[in-house]
Amino acid sequence: MTNRTFKTGESREQASLLPARIEDYVGPDNPVRAIESFVCALDLAKLGFRHAKRVVGAGQPPYDPADLLKLYLYGYINQVRSSRRLEREACRNLELIWLLKDLKPGYRTIANFRKENWKALKAVNRSFVLLARELGLVGGSLVAIDGALFHGDASKASIFTRRRLAEQIATLDREIEAYGKSLEDNDATEAEPRPDGHGDAGYGDDLGARVKELMAKRSRAQADLEGLDTGEKRQLSLTDPDARLLSKGDQTIAGYNVQSVVDDKHKLIVASQVINSSDAGHLHAMAKAAKEVLEAKSLQVLADAGYYNSADLKACEDDGIEAYVPPSEGNGVLDKQGRFSLRDFSYDAAADAYRCSAGELLRPTKGRFTNTSGRVEIRYLSRKAVCAACPLRPRCLAPKAAQRSIGRWEHEDVIERHRARMQSADADDLMRRRSAIVEHPFGTIKCRAGYRHFLVRGFNKVRGEWSLMALCYNFTRVLNILGFERFIAAVARAVTSRPYALADALACLLLAPETFWTRFAQQIAAPRRQPVLLG
Ligand code: SF4
């Protein structure tokens, strides 16, 4: 029983609600202290942050890049990422007031930091992966690769393909023609006196200006079309020069394709890249990046059919990477025509010949041929006389062909080994695990954090912003896996070789509970493996 109708807040007239010390604004195990300790442990000059090496000089000093990095880490972890919102939060959010020691950078300073330090942000992201590896949080033997589309800071209407430009030119032509006809009609009208007896009846000036405007627009569209025809670009983006119209399933966006490699053990992103094309052709580059950061001798890589590419499979094999990618179905032209495809011919390695459904051998011809996709192939041909009498001829040969020809890639043995791998008992299980491994981070970043689009434009800045998203995903995940105390101890252990960084990292922990110090002592005493480079 209570004598209050509702819960009531404090009186606004009360003298002070806040503790006198900024240190008391946040609790001893507040996650914001983990951000502080991590950033303090980084060698920002080595990572390439602007102003990190600055010495005292004339004029107003800049903000310490460490403070702005802390602001961004806090913001991206807490779904605050626009520079104006970060500016506001720095003034009213007690955790940020603690983190920045009551500094209040303006939104331009905040925005410029993200734009200018894109390379350094990528380096911080990599440093965190190295830390996770040092802590044993990545397995380093099985990873999955996938791409996800993120909207750019551009609309679909601002991106032109050849087809769209041709359609625009055709529409402009029709409008110009219609206005031209109106001008002719107007000339005829102008010849007659106006009903009120003042001047001519026409309105030619307005029409003439409109036609000029349309002609100028048409010239621009024509120049853009010629630029696309002669250059390497297949799309022209007016707002963000690097954003592209990208499609996946029934979704089409104006933006970027984020490639991510995720480790199986704790679903941490170990390598990533932002591109503006499809997944095809990026299997090897992404797998190699992951293998390097994991320092793995061998690596199993899982990817979906969009990554199937024979050259990539060969490059992976050469680099000790075992790829599991469902074979592409191809365009199925032969299947649609009801004709035998390559699947219906078996290769006899001993005889170096293909055997067709009629049991006849197709023998190799001399020389090598480069096909339309640039692959060097050996051509295998059947005998004309045998095919002429073959009852399977309608299902095998094109109507005017006299014999069957098959192109075998010079490294076809790589494809055969991959095919055998995909038919092994493990493959089904691994492919089922693929989506569970790699789609987890994208789901978290897009659905939990709500990051489906980039706020900046151009590859460099977008890659910097993606690094922040990936870093915050990994950071939150590692903090959740280890817990606050073990996380702080791990960061401290990683920088024990740099006493000044250790002192900074621990300065924020004076209020840490006693259990933390006990565990920290155990962590420090534990035998170290490889030294981790936080910078
Ligand atoms: S047409 Fe020639 S290649 Fe085709 S199945 Fe008959 S014999 Fe073999």
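Quick note: structure is the one above.
Residues numbered from 1 in each chain as written. Predicted model: local features only at pLDDT ≥ 70, side-chain atom pairs only at ≥ 80, totals over all residues. Heavy atoms only, no water.

On to the nonpolar core, then. Residues Phe38, Leu283, Trp466 and Phe487 are the most contacted members of the largest nonpolar core, which totals 111 residues. Take this core: its biggest share by element is 13 residues, from helix α17 (residues 459-482). When sequence neighbours within four positions are dropped, the list of residues in contact with tryptophan 466 reads Phe150, Val258, Ile269, Ser272, Val274, Phe442, Ile445 and Phe454. (Core = buried A, V, L, I, M, F, W, Y, C linked by side-chain atoms within 4.5 Å. Buried < 20%, exposed > 50% of the residue type's maximum accessible area, 1.4 Å probe, protein only. Helix = DSSP H or I, 4+ residues; strand = E, 2+ residues; numbered from the N terminus. Contact = heavy atoms within 4.5 Å.)

The next thing to look at is the packing of helix α7 (residues 118-134) against α17. Two numbers describe how α7 lies on α17: the axes approach to 8 Å, and their chain directions differ by 25°. One finds that α7 runs roughly parallel with respect to α17. Our pair here, α7 against α17, has a crossing hand that is left-handed. Between α7, through Trp118, Leu121, Lys122, Val124, Asn125, Phe128 and Val129, and α17, the contact on the second element is made entirely by Asn460, Lys461, Arg463, Gly464, Ser467, Leu468, Ala470, Leu471, Asn474, Phe475 and Val478. Looking at the contact of α7 with α17, its residues break down into ten nonpolar, five polar and three charged. (Axes fitted to C-alpha atoms, helices over the stretch in contact; angles between N-to-C directions. Parallel < 35°, antiparallel > 145°, perpendicular 65-115°, else oblique. Left-handed = near helix turned anticlockwise from the far one by under 90°. Nonpolar A, V, L, I, M, F, W, Y, C, P; charged D, E, K, R; others polar.)

Taking 1.5 Å per residue as the helical rise, helix α10 (residues 283-294) with its twelve residues ought to reach 16 Å, and the 16 Å between its terminal C-alpha atoms agrees with that figure. Of the positions making up α10, those classed as buried are Leu283, His284, Met286, Ala287, Ala290, Lys291, Val293 and Leu294. In the segment just after α10, glutamate 295 is the residue with positive phi, at about 50°. (Expected span 1.5 Å × (residues − 1).)

Backbone geometry at aspartate 102 places phi at a positive 70°, although glycine is not the residue there. Counting through the fold element by element, aspartate 102 comes out in the loop between α5 (94-99) and α6 (107-116). The class for aspartate 102 is partly exposed, based on a relative accessible area of 35%. Of note, the phi angle at glutamate 295 is positive, near 50°, even though the residue is not glycine. Secondary-structure assignment places glutamate 295 in the loop between α10 and β7 (299-302).

Next up on the list: helix α4 (residues 83-92). Residues that lie three or four places apart on an α-helix share one face, since the helix turns once every 3.6 residues. Those residues of α4 that fall on the buried side of the exposure criterion are Ser83, Leu86, Glu89 and Ala90. Around the axis of α4, the buried residues are gathered within 115° of arc, so they sit on the same side. Contacts from the buried residues of α4 go to α3 (65-77), α5 and α6. (Arc of directions from axis to C-beta.)

The next subject is the site of the ligand. Every residue lining the ligand is accounted for by Cys356, Ala358, Glu360, Ser382, Val386, Cys387, Cys390, Cys396 and Arg404. In terms of residue class, the shell around the ligand is made up of six nonpolar, one polar and two charged. (Near = heavy atom within 4 Å.)

Moving on to the pattern of salt bridges. In the structure shown here, the tally under the stated rule is 26 salt bridges. Among the salt bridges present, the one from arginine 50 reaches glutamate 116, with a minimum N-O distance of 2.8 Å. Placement of arginine 50 in the loop between α2 (44-47) and α3 and of glutamate 116 in helix α6 is noted, with a sequence separation of 66 residues between them. For the salt bridge of aspartate 153 with arginine 457, the shortest nitrogen-to-oxygen distance reads 3.0 Å. Of this pair, aspartate 153 sits in the loop between β1 (142-151) and β2 (159-161) while arginine 457 sits in the loop between α16 (425-448) and α17, and the two are 304 residues apart along the sequence. Classification of arginine 457 as partly exposed rests on a relative accessible area of 38%. Put simply, Glu36, Asp67 and Lys70 are held in one network by salt bridges that share partners. (Salt bridge = Lys/Arg side-chain N within 4 Å of Asp/Glu carboxyl O.)

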